[in-house]
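As a plain string of letters, each chain reads:
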Amino acid sequence: MSSYIVPCLFILLIVLAAVKRKNPYNAMLLGAKEGAESVIKLFPTILVIMLALKLMQASGLDEDIGRLLAPAVKLLGIPQELSYLVVLRPVSGSGSIAMLSDIFDKYGADSYIGRCACMIVDGSDTIFYMAGVYFAHAKVKKIWVAVLCALVVSYVGAALGCWLCRFL
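These remarks concern the structure in this document. Everything numeric here is computed off the predicted structure, so don't read it as measured data.

1. Things to note about the layout of surface pockets
Then, in step 1: If you add up the space inside the largest pocket, you get close to 160 Å³.
Then, in step 2: Listed by contribution, the elements that provide at least two residues to the lining of the largest pocket are α1 (5–19) and α2 (24–59).
Then, in step 3: No other element matches α1, which puts five residues into the lining of the largest pocket.

2. Points about empty space enclosed by the protein
Then, in step 1: For the coordinates displayed, the defined rule picks out one cavity of 30 Å³ or more.
Then, in step 2: By volume, the largest cavity amounts to about 50 Å³.
Then, in step 3: Lining the largest cavity, in full, are Val86, Arg89, Pro90, Met119, Ile120, Gly123, Ser124, Ser154, Tyr155 and Ala158.
Then, in step 4: The set of elements that each furnish at least two residues to the lining of the largest cavity consists of α6 (112–122) and α8 (143–165).
Then, in step 5: With three residues, α8 is the largest single contributor of residues to the lining of the largest cavity.
Then, in step 6: For the lining of the largest cavity, a count of residues per class yields six nonpolar, three polar and one charged.

What counts as what
- Residues numbered from 1 in each chain as written.
- Predicted model: local features only at pLDDT ≥ 70, side-chain atom pairs only at ≥ 80, totals over all residues.
- Heavy atoms only, no water.
- 1 Å grid on protein atoms, 1.4 Å probe; cavity = no way out; pocket = protein on both sides within 12 Å on 5 of 7 lines; lining within 4 Å.
- Points joined across faces, edges and corners; volume = space filled by probe spheres on them.
- Helix = DSSP H or I, 4+ residues; strand = E, 2+ residues; numbered from the N terminus.
- Nonpolar A, V, L, I, M, F, W, Y, C, P; charged D, E, K, R; others polar.

Read these as layout, nothing more, since geometry by itself doesn't imply function.
Take a look at the structure:
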């Protein structure tokens, strides 16, 4: 049944275009052109973000930052074992999912640390990637304010999530 969704939507769009007396082919060409222009504009930003992430991971800087922030993370009520995850989540979505799997293997999915890790991973997103992609497209100049606010909210959310896990 789900394999019919896209063809049905495609037919529905053609019918709606005919009812409104619009040319669906020209509209699709215009949409494809705008999509290609967006990809070309965003590619350098995505490339720089991915390169910076790989350099940070290859140098071990991300793990050093995790160790450095471990006391502050513990002060927030987040288990010290999750300090690296708290640093990694705003930077890398796939890396944090892989780390979540490792945490499940080591501590168990139903453990306090496993539940807190779920709250951290599911309660935030890859802030730097999202900011880079969306703000580059919108041509925003002062990205640092939004990134700082997003990081604060992410860490407060992680602390509140871990606090809630104590009662679950």
